[in-house]
Amino acid sequence: MSILLQQLVNGLVLGSVYALVALGYTMVYGILGLINFAHGDVTMIGAMVALTSITALSGHLPWPAAVALGLIAAIAVCMVLGYFIERLAYRPLRHAPRLAPLITAIGVSIILQNLAMLIWGRQYLAFPALLPQTWFDIDGARITSIQLAILGIALTIMLILDFLVRHTRLGRAMRATAQSPQLAGLMGINANQIISITFLIGSALAAVAGLMVSAYYGLAHYYMGFLLGLKAFSAAVLGGIGQLRGAILGGLLLGVIESFGAGYIGVLTHGLLGSNYQDVFAFFVLIIVLMVRPSGLLGKPAADRA
Amino acid sequence: MGTPASTFSPATVGKGLLLVALPLLLQAGPGAAWVRIVDVALLYSMLAIGLNIVVGFAGLLDLGYIAFYATGAYLYALLDSMQFNLHWPLWATLPLSAALAGLFGLLLGAPTLRLRGDYLAIVTLGFGEIVRIFLNNLDTPFNLTNGPQGISLIDPIHLGNFTFSRPHHFAGLTLTGTQQYYYLFLATIMGMAWLATRLQHSRIGRAWAAIREDELAAAASGIAVRNYKLLAFSLGATCGGFAGALFAGFQGFVSPESFNLMESVMVLCMVVLGGMGNVNGVIFGAILLTVLPEALRMMGDWQLNHFGHIWVDPNDVRMLLFGGALILIMLYRPAGLLPSPAQRREWQKKLP
Amino acid sequence: MNTLLDIHQVSCRFGGVRALHNVSLAVENNEIFGLIGPNGAGKTTLFNVITGLVTPTSGNVTLDGCSLTGLAVHDILRYGLARTFQNIRLFPGLSVLENVLIGRHSLGRTGIWGAISRNQRTRREEAELRDTAHRLLQQVGIHHHAQTLARNLSYGDQRRLEIARALASEPKLLALDEPAAGMGQTERDALRELILSLRAQRRISILVIEHDVKWMMALCDRIAVLHFGERIALDIPERIRQHPDVIAAYLGSAS
């Protein structure tokens with residue numbers, strides 16, 4: 001029982017990070033119909049910037065202030081990055097054939113990865129423990145302080161975002177633009193501005209997620225964005241791409257699936273496959289969802305037209 | 001179209017002679033290493049031709065293409081090495097490698113190709129990674145792939161008693177292994193390019209073009225969209241598997257590291273840079289992107305000679321340059337460096 | 001005359017919205033049949049049901065005795081129903097000729113082997129294909145543009161090309177979705193002449209949806225009127241014009 005609960009806790013923590021990244025994918029997809037391949041790498045940049053700033057500041061400032069400033073620096077850098085990625089690589093191609101922005105997105109992703117490699121090197125970097133190593137015991141399962149913090153912060157951010165999109169003017173404008181940029185334009189909404197804001201929000205979330213995932217594993221690496229991005233995208237599809245709540249549900253669910261999968265795959269396959277296959281679950285989830293319910297858990301089933 | 005090429009104009013004959021003499025000239029001039037570089041460029045050309053069927057003809061973005069290359073390479077490695085002490089003849093391994101890759105293409109494409117095009121991109125991206133993970137881990141519980149060490153001591157490509165890696169004498173000339181591979185690869189590419197061009201200018205190629213242009217209108221014109229996508233996808237995969245088998249025999253060694261995501265991206269770069277949809281263009285792209293890093297390497301040596309220190313490591317900036325090239329080409333020259341006339345017209349889209 | 005297209009008690013709901021309710025109508029052989037109605041009357045939904053984009057909640061559509069309900073879009077063409085789109089959907093980056101060649105895809109037989117070997121059968125098929133395509137382009141009057149990119153045609157010519165592409169599949173029924181939308185008066189008149197001449201030359205039936213009631217009156221043999229998802233009238237144009245329900249529907253909706 002306690003192992004089961006432990007897996008659930010681990011899965012939810014991991015899943016809340018996936019959900020934050022998935023939100024970035026889903027918001028951009030909802031508005032532009034574009035898979036922002038560079039989003040995972042923006043997450044990585046967030047982790048790297050946070051790492052560098054925290055390390056640099058920790059000698060001069062009290063630890064919590066250094067962490068807070070590091071987070072702010074990561075958010076700021078990622079927002080600027082997200083803004084310019086959209087302006088330079090996606091916006092000029094908005095009316096080009098569908099393939100074109102997908103290809104520039106790959107280009108951006110490669111550039112970010114290799115820039116990071118030049119700046120921070122090829123090796124795995126140790127990420128400092130942001131919180132004291134304490135834990136709480138719930139019915140035999142152990143939840144560490146960092147896990148609790150990740151879960152708490154992620155859920156708070158999601159609630160705020162959900163409120164923002166559902167109940168504010170900006171949220172209405174975002175939803176209108178997602179429905180039809182032309183119509184939104186007729187109603188006096190500046191679609192370009194809304195798209196920029198979407199990228200800014202998505203990138204800020206990515207920065208937070210980057211810091212969280214690095215703090216959780218205690219590692220940062222220039223290539224970490226790739227797999228994280230792939231999983232987060234799978235989560236977004238699982239929940240129903242374009243749906244904010246879908247991304248959250250999909251993220252949490254994928255985290256739990258992975259955690260249980262990695263924990264039990266050995267038992268299930270009689271030791272044939274080990275936990276080194278953890279990274280393939282997201283992919284199989286993606287394929288199965290696309291086969292069985294391509295609109296995702298919360299998406300409206302669309303007519304399959306061709 | 002085939003007609004102008006089949007007339008023997010002096011230019012065609014000249015080009016043909018140059019192609020035949022190239023490995024001899026390279027060996028005599030810049031050295032044997034360059035023959036090998038050109039061989040690798042030819043292997044990439046095969047991949048570019050195959051991926052071009054998927055991306056250029058049918059307009060589907062495949063980001064895990066290298067997985068099919070890996071499939072072909074590993075099957076060849078398993079059937080012709082000491083791993084299981086099997087030494088199957090080429091006429092069996094080569095078609096099997098191509099067919100297995102094509103089958104993987106079918107299995108992957110069938111569930112995903114009925115969905116919007118961009119899902120395919122991400123699913124193939126994941127697939128490429130999955131294949132690598134499996135290759136890395138399938139040394140237990142049963143040693144199939146030998147894990148991260150990879151499979152070495154793969155038999156060189158041999159037809160009957162003719163082993164391509166061994167020097168042979170022809171009409172007073174001695175050809176080295178790499179030179180003989182050159183001719184084998186060149187012949188393969190000509191065959192593949194010919195097949196691809198034939199398909200492009202046929203009822204099938206038109207159906208692909210229609211799907212690329214407007215899927216719904218294509219369906220309303222009676223084209224079974226999903227089947228044609230599947231055909232393009234698995235034909236591309238087949239080419240990848242074929243090239244993979246040749247690669248395994250040529251290299252004598254395969255490991256999961258040769259098939260990472262960056263390799264898929266490289267082949268995509270070749271297709272995009274050379275000119276999507278144009279067979280000659282993508283071959284040009286493949287050769288350019290294989291030879292260019294070698295030129296960059298020389299710049300590293302140059303720095304070392306002049307400054308006594310390498311300030312900018314060409315290996316580090318290589319991928320950076322490729323990423324930048326992808327973006328710039330899409331923004332300013334979407335038809336590629338060497339587009340076909342039709343393709344050039346097609347991408348001349350009014351941008352706001 | 002015998003029935004070609006039979007729409008039998010088709011109903012269609014989207015969630016709580018009743019888009020079509022028990023609509024029945026029949027298009028005869030060699031007839032030009034019009035479908036009109038105020039905005040939101042269900043014309044487009046009915047058109048999408050016929051062309052396979054929407055599966056009806058209940059009811060059935062048959063063409064020449066074969067049921068079309070539930071068939072994929074590309075199969076419906078094989079049964080003899082070709083369509084055009086309200087907001088023209090050509091293959092913009094391909095030449096005018098290529099667009100028509102693609103329209104004839106369903107009549108071709110060439111497979112992989114034929115394409116690669118370019119055997120005699122393939123060559124004969126290609127030659128036949130090109131001849132027919134050229135003839136079609138002549139028929140709709142844009143033959144001089146055969147090598148032009150579809151994207152570069154004028155709006156009116158794009159409409160004509162779309163019709164030529166649809167005709168290339170030798171349909172029994174040609175379905176035109178608002179073909180005169182966005183055209184000036186002279187273009188509209190020319191288009192009407194073209195549709196009439198196509199019917200005369202090719203002995204096919206034509207189903208037209210259009211907003212311009214006056215234009216439809218001069219084109220169609222019979223007209224059905226949809227209002228709030230129901231068929232409120234079906235008659236020859238002269239009597240449609242005086243039909244009290246139709247007048248009420250159009251006056252009431254003020255469009």
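Note that the structure is predicted; figures quoted are calculated from it, not measured.

S.K.: Could you clarify how one ought to interpret the nonpolar core in this entry?
M.R.: For soluble globular proteins, the rule of thumb is that nonpolar side chains tend to be buried together. Grouped together as the largest cluster of nonpolar side chains are 227 residues, with contacts concentrated most on Leu 20 and Phe 37 of chain A together with Trp 208 and Val 254 of chain B. Per element, the largest residue contribution to this core is 15 residues, and it comes from helix 1 (residues 2-32) of chain A. Excluding residues that lie within four positions of it along the chain, Leu 20 of chain A makes contacts with Ala 154, Ile 157, Met 158, Leu 205, Val 208, Ala 209 and Met 212 of chain A. In terms of nonpolar packing, the next biggest core, distinct from the first, is built from 47 residues, Leu 174, Ala 180, Val 246 and Tyr 250 of chain C among them.

S.K.: Help me understand the packing of aromatic side chains, please; the structure alone is not making it clear to me.
M.R.: Aromatic ring pairs are reported here in terms of the distance separating the ring centres and the angle at which the planes meet. Tallied over the entire structure, the rule returns 23 aromatic pairs over all chains. With a centroid separation of 5.5 Å and an interplanar angle of 25 degrees, the aromatic rings of Tyr 223 of chain A and Phe 226 of chain A are classed as stacked. With 5.9 Å between their ring centres and 90 degrees between their planes, Phe 68 of chain B and Phe 233 of chain B make a pair best called edge-to-face. Highlighted residues: Phe 68 of chain B in helix 4 (residues 66-79) and Phe 233 of chain B in helix 10 (residues 225-251), separated in sequence by 165 residues. In terms of burial, Phe 68 of chain B and Phe 233 of chain B fall into one category: buried. The structure contains a cluster of three or more aromatic residues connected by ring pairs, namely Phe 162, Phe 164, Phe 170, Tyr 181, Phe 185 and Phe 250 of chain B. The side chain of Arg 83 of chain C reaches across the aromatic face of Phe 85 of chain C, ending 4.0 Å from its centre. Directly above the aromatic system of Phe 91 of chain C lies the positively charged group of Arg 165 of chain C, at a separation of 4.8 Å from the ring centroid.

S.K.: Sorry, what's going on with the pattern of salt bridges here?
M.R.: Two side chains with opposite charge may pair up if their charged atoms get near one another. Under the criterion given, the structure shown has 24 salt bridges over all chains. Of the charged contacts, one joins Glu 86 of chain A and Arg 94 of chain A as a salt bridge, the two residues approaching to 2.9 Å between their closest N and O atoms. Here Glu 162 of chain C ties to Arg 159 of chain C by a salt bridge, and the two come within 3.6 Å at their closest N and O atoms. Of this pair, Glu 162 of chain C and Arg 159 of chain C both sit in helix 6 (residues 155-167), three residues apart, which is roughly one turn of the helix. The pair Glu 162 of chain C / Arg 159 of chain C is uniform in exposure class, with both members buried. Here the salt bridges share partners, and the residues they tie into one network are Arg 104, Glu 128, Glu 170 and Arg 202 of chain C.

S.K.: Can you help me understand helix 6 (residues 169-179) of chain A in this one?
M.R.: Because an α-helix packs 3.6 residues into every turn, residues spaced three or four apart end up facing the same way. Buried within helix 6 of chain A we find Gly 171, Ala 173, Met 174, Ala 176 and Thr 177 of chain A. Buried residues belonging to helix 6 of chain A abut helix 1, helix 5 (145-167), helix 7 (181-186) and helix 8 (191-217) of chain A.

S.K.: Mind showing me how you'd approach the interface of chain A and chain B here?
M.R.: Often, the extent of an interface is quoted as the loss of accessible area upon association of its parts. Each partner contributes residues to the interface: chain A has 48 residues there, and chain B has 48 residues. Counting the surface lost from both chain A and chain B, the interface buries some 4600 Å², and carbon and sulfur atoms represent 77% of this. Here chain A is connected to chain B by zero salt bridges. Seen at the junction of chain A and chain B, the total is zero residue pairs in polar contact (both at pLDDT 80 or more).

S.K.: What is the right way to look at the sheet that holds strand 10 (residues 230-235) of chain C in this model?
M.R.: Sheet strands associate in pairs through backbone hydrogen bonding, adopting either a parallel or an antiparallel arrangement. All names here are of chain C. Read across the sheet, six strands follow the order 6-7-8-3-9-10 without closing on themselves; strand pairing throughout is mixed. A strand with exactly one partner marks an edge of an open sheet, and here the two such strands are strand 6 (81-83) and strand 10. Taken over all neighbouring pairs, the strand axes of this sheet differ in orientation by 20 degrees on average, direction set aside. Examined bridge by bridge, strand 9 (residues 222-227) and strand 10 share five bridges and lie antiparallel to one another. By the bridge assignment for strand 10, His 227 is matched with Glu 230. Contacts from helix 6 reach strand 6 and strand 7 (173-177) within the one sheet, and its direction differs from that of strand 7 by about 155 degrees. Running over the sheet, helix 7 (residues 185-202) touches strand 3 (32-36), strand 7 and strand 8 (205-209) and is turned about 140 degrees from strand 3.

S.K.: Please clarify how the sheet that holds strand 4 (residues 58-63) of chain C should be interpreted in this entry.
M.R.: Residue and element names in this part refer to chain C. Spatially, the four strands line up as an open sheet ordered 2-1-4-5, and their pairing is antiparallel. In the strand order of this sheet, the two ends are held by strand 2 (17-28) and strand 5 (66-67), each with one partner. For strand 4 and strand 5, the ladder comprises two bridges, and the chain directions are antiparallel. Along strand 5, the bridge assignment pairs Leu 63 with Cys 66. Packing against the sheet, helix 1 (residues 43-50) makes contact with strand 1 (3-14), strand 2 and strand 4, and its axis sits at approximately 120 degrees to strand 1.

S.K.: So what exactly am I meant to see when it comes to the packing of helix 3 (residues 63-90) of chain A against helix 8 of chain A here?
M.R.: Geometrically, a packed helix pair is captured by the angle between its two axes and the distance between the axes. All names here are of chain A. Close contact between helix 3 and helix 8 brings their axes to 7 Å; oriented N to C, the two are set at 140 degrees. When the interaxial angle is binned, helix 3 and helix 8 end up oblique. Here the hand of the crossing between helix 3 and helix 8 comes out right-handed. From helix 3, Leu 71, Ala 74, Ile 75, Cys 78, Met 79, Gly 82, Tyr 83, Glu 86 and Tyr 90 reach across to helix 8, where they touch Ile 195, Ser 196, Phe 199, Leu 200, Ser 203, Ala 204, Ala 207, Val 208 and Leu 211.

Rules behind the numbers
Residues numbered from 1 in each chain as written. Chains lettered and ligands numbered in written order. Predicted model: local features only at pLDDT ≥ 70, side-chain atom pairs only at ≥ 80, totals over all residues. Heavy atoms only, no water. Core = buried A, V, L, I, M, F, W, Y, C linked by side-chain atoms within 4.5 Å. Buried < 20%, exposed > 50% of the residue type's maximum accessible area, 1.4 Å probe, protein only. Helix = DSSP H or I, 4+ residues; strand = E, 2+ residues; numbered from the N terminus. Contact = heavy atoms within 4.5 Å. Phe/Tyr/Trp six-rings, centres within 6.5 Å; stacked < 30°, edge-to-face > 60°. Lys NZ or Arg CZ within 6 Å of the ring centre and 35° of its normal. Salt bridge = Lys/Arg side-chain N within 4 Å of Asp/Glu carboxyl O. Buried area = accessible area lost by both parts, 1.4 Å probe. Polar contact = N/O pair within 3.5 Å; in protein donor to acceptor, adjacent residues only side chain to side chain. Pairing = 2+ DSSP bridges. Axes fitted to C-alpha atoms, helices over the stretch in contact; angles between N-to-C directions. Parallel < 35°, antiparallel > 145°, perpendicular 65-115°, else oblique. Left-handed = near helix turned anticlockwise from the far one by under 90°.

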